[in-house]
Amino acid sequence: MTAETTVTEPLPATGAATIVADIAIVGGGLAGSLAAAVLARAGHRVALIDKRAVHPDEFRVEKIGGHQLEMFRRLGFIDALANAGCSYDRVLNIREGKVVDVSVGQAYGLPYADLVGMARSQLPDPSSLIVDEVAAITAGDDIQHLALASGRRVEARLVVLATGMAGALGYKLGIKRRVLAERHSVSFGFTIARRDGAPFDFDALTCYGERTADGVDYLSLFPVRAGMRANLFMFRDPTDPVMRDLRRDTEATLLRLLPGLQPFLGDFRVIDRVQNWVMDLSIVEGHLQPGIVLIGDAFQTNCPAAGTGVARLLVDVERLCTEHAPRWLATDGMGTEKISQFYSDPAKIAADQQSLKMARFRQALTSRNDISWDVRRRLHFLRRRLTHQVDQMRPGWLAQVRSALRA
């Protein structure tokens, strides 16, 4: 499934050479497209600028679940997400060939391009998407000026940089990226199917790494429209030969790293291209400037294994687009005193800090082999197994306990 062409047609070349908007959003990935839809539906004039009319297939976010769904619901995207994604509500969790527990809760699997297409489809006016490239930004305390590669110009009171890890524009503005952990993690994405064409015996499955030396955090299998999608998360040197093996002989290498996986998969094969991503943990500096605000990966990157990237992105979109930006636009000026309110927002700070905390925790839980972490790892999975066993003997008790604790 791809984004609907009716919502990704470029702005017509005819008309004024200067486009005037309240807010110009640079970058039409998930963060930028969601922000544009939220702001435009609230009645603000929005220019969403991206060099591609339809977002290409790339290995990024591919599943949405847990508390992320409540955030999509609050922002008004839950129905569109449900229509675009492949639904599942049970995940079988295994380690060393044994069941750890079963996770229950609504989730959706879908390619990143479809996720972006879903967000863009929520723009009230398709012409809000300008298919072009921003060559330069001149920022100030009142109006921001954007020069586009086509020769057109955009004037807006606020510029939102949602450019992900692409830092060329930020660099021109004096915004630098500081690496906190170089080559922190490696992720692989591919789709599998059984050779006999039969369905797998699970709706979704997570298989955790068995040996610290392998650096495997977990393999996540979940349904998408094309089949069973696989996301493999590792903390290992990206130059290690096993990375090449995973690309060239995926099936055999996967079973070598996760031997307990074989009984659950049977005879399977990879049915599409194997993609991989090496992620640095980083954060920007010099970003507090008049008229410009950074969201999502443009501000801070995340560890894919931690699963906090979408939650952070949604917090950024919700706080900026429903709280700060509307209030800023209600009064004159767009100086740093306004912009700083977003960066000092308690919810944003908490989400950013939690993301870094979980990134370090996942790496330590996967790779640290000192006695304290070995004990912690064993207790982590033992607690989950025991809880699952008791819940099987007394169905519903865990939900009752959690409900009592929340009361």
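## Quick look at the packing of helix α9 (residues 309-329) against helix α10 (residues 336-343)
Next, step 1: It is the contact of α9 with α10, at a shortest axis distance of 10 Å, that shows an interaxial angle of 155°. Taken together, α9 and α10 sit at an angle that is classed as roughly antiparallel. Between α9 and α10 lies a crossing whose hand is right-handed. Residues D316, R319, L320, H324, R327 and W328 of α9 touch α10, and the partners they reach there are K338, I339, Q341 and F342.

## Observations regarding the pattern of salt bridges
Next, step 1: Throughout the structure, instances matching the rule amount to 29 salt bridges.
Next, step 2: Salt-bridge contacts for R229 lead to E62; the nearest nitrogen and oxygen are separated by 2.7 Å. Taken together, the positions of R229 in strand β13 (residues 227-234) and E62 in the loop between β2 (46-50) and β3 (63-65) put the pair 167 residues apart, joining distant regions of the chain. The burial state of R229 is the same as that of E62; both residues are buried.
Next, step 3: A salt bridge links R362 to D217; its shortest N-O distance comes to 2.6 Å. Of this pair, R362 sits in helix α11 (residues 346-367) while D217 sits in strand β12 (residues 216-224); the two residues are 145 residues apart in sequence, bridging distant segments of the chain. Across this residue pair, the class does not change: R362 and D217 are buried.

## Some points on helix α7 (residues 250-257)
Along an α-helix, a turn takes 3.6 residues, which lines up residues three or four apart on a common side.
Next, step 1: For α7, every residue scored as buried is listed here: T250, T253, L254, L255 and L257.
Next, step 2: Along its buried surface, α7 packs onto β10 (176-194), β12, β13, α6 (241-248), α8 (262-265) and β14 (268-270).

## Focus on unusual backbone geometry
Next, step 1: With a phi close to 55°, E96 is a non-glycine residue in the positive phi region.
Next, step 2: Looking at the secondary structure, you find E96 in the loop between β4 (86-95) and β5 (98-109).
Next, step 3: The phi dihedral of R183 falls on the positive side, at around 50°, and the residue is not glycine.
Next, step 4: With respect to the helices, strands and loops of the structure, R183 is situated in strand β10.

## Focus: the pairing of strand β1 (residues 18-26)
Next, step 1: Judged by how many residues are buried, β1 sits mostly within the fold: seven of nine residues are covered.
Next, step 2: Across eight bridges, β1 lies against strand β9 (residues 153-161) in parallel orientation. From the neighbouring strand, I25 faces β9, where its bridge partner is V160.
Next, step 3: Remark: the β1/helix α1 (residues 30-41)/β2 crossover connection has right-handed handedness.

## A look at the packing of α11 against helix α12 (residues 371-393)
Next, step 1: Orientation of α11 relative to α12, taken along the N-to-C sense of each, is 100°, at an axis distance of 8 Å. In this view, α11 runs roughly perpendicular relative to α12, as classed from their interaxial angle. Residues F361, A364, L365 and T366 of α11 touch α12, and the partners they reach there are W373, R376, R377 and H380.
Next, step 2: In terms of residue class, the contact of α11 with α12 is made up of four nonpolar, two polar and two charged.

## Some details on the side chain of D297
Next, step 1: Topologically, D297 is positioned in the loop between β16 (292-294) and α9.
Next, step 2: Under the relative-accessibility criterion, D297 is labelled buried at 15%.
Next, step 3: Ignoring sequence-local partners within four residues, the contact set of D297 consists of R60, G164, M165, R177, N302 and R312.

## Things to note about the packing of aromatic side chains
Next, step 1: What the rule picks out here adds up to eight aromatic pairs.
Next, step 2: Ring plane angle 25° and centroid distance 5.4 Å describe the contact between F200 and F202, whose orientation is recorded as stacked.
Next, step 3: One cation-aromatic arrangement involves R60 over Y112; the distance from NZ or CZ to the ring centre is 5.3 Å.
Next, step 4: Sitting over the face of the ring of F299, K348 holds its NZ or CZ atom 3.9 Å from the ring centroid.

## Considerations on the environment of D249
Next, step 1: Here D249 is to be found in the loop between α6 and α7.
Next, step 2: For the pair D249 and A325, spaced 76 residues apart in sequence, the C-alpha to C-alpha distance is 49 Å.

## A closer look at α11
Next, step 1: For α11, spanning 22 residues, the distance from its first C-alpha to its last is 32 Å, which sits close to the expected 32 Å at 1.5 Å a residue.
Next, step 2: Every buried residue belonging to α11 is among K348, A351, D352, S355, L356, A359, R362, A364, L365 and T366, and all of these are buried.
Next, step 3: Between the side-chain oxygen of the N-cap and the backbone nitrogen of A347 there are 2.8 Å, and the N-cap of α11 in question is D345.

Cut-offs applied
Residues numbered from 1 in each chain as written. Predicted model: local features only at pLDDT ≥ 70, side-chain atom pairs only at ≥ 80, totals over all residues. Heavy atoms only, no water. Axes fitted to C-alpha atoms, helices over the stretch in contact; angles between N-to-C directions. Helix = DSSP H or I, 4+ residues; strand = E, 2+ residues; numbered from the N terminus. Parallel < 35°, antiparallel > 145°, perpendicular 65-115°, else oblique. Left-handed = near helix turned anticlockwise from the far one by under 90°. Contact = heavy atoms within 4.5 Å. Salt bridge = Lys/Arg side-chain N within 4 Å of Asp/Glu carboxyl O. Buried < 20%, exposed > 50% of the residue type's maximum accessible area, 1.4 Å probe, protein only. Pairing = 2+ DSSP bridges. Right-handed = clockwise from strand over helix to strand, strands pointing away. Nonpolar A, V, L, I, M, F, W, Y, C, P; charged D, E, K, R; others polar. Phe/Tyr/Trp six-rings, centres within 6.5 Å; stacked < 30°, edge-to-face > 60°. Lys NZ or Arg CZ within 6 Å of the ring centre and 35° of its normal. Expected span 1.5 Å × (residues − 1). Polar contact = N/O pair within 3.5 Å; in protein donor to acceptor, adjacent residues only side chain to side chain.

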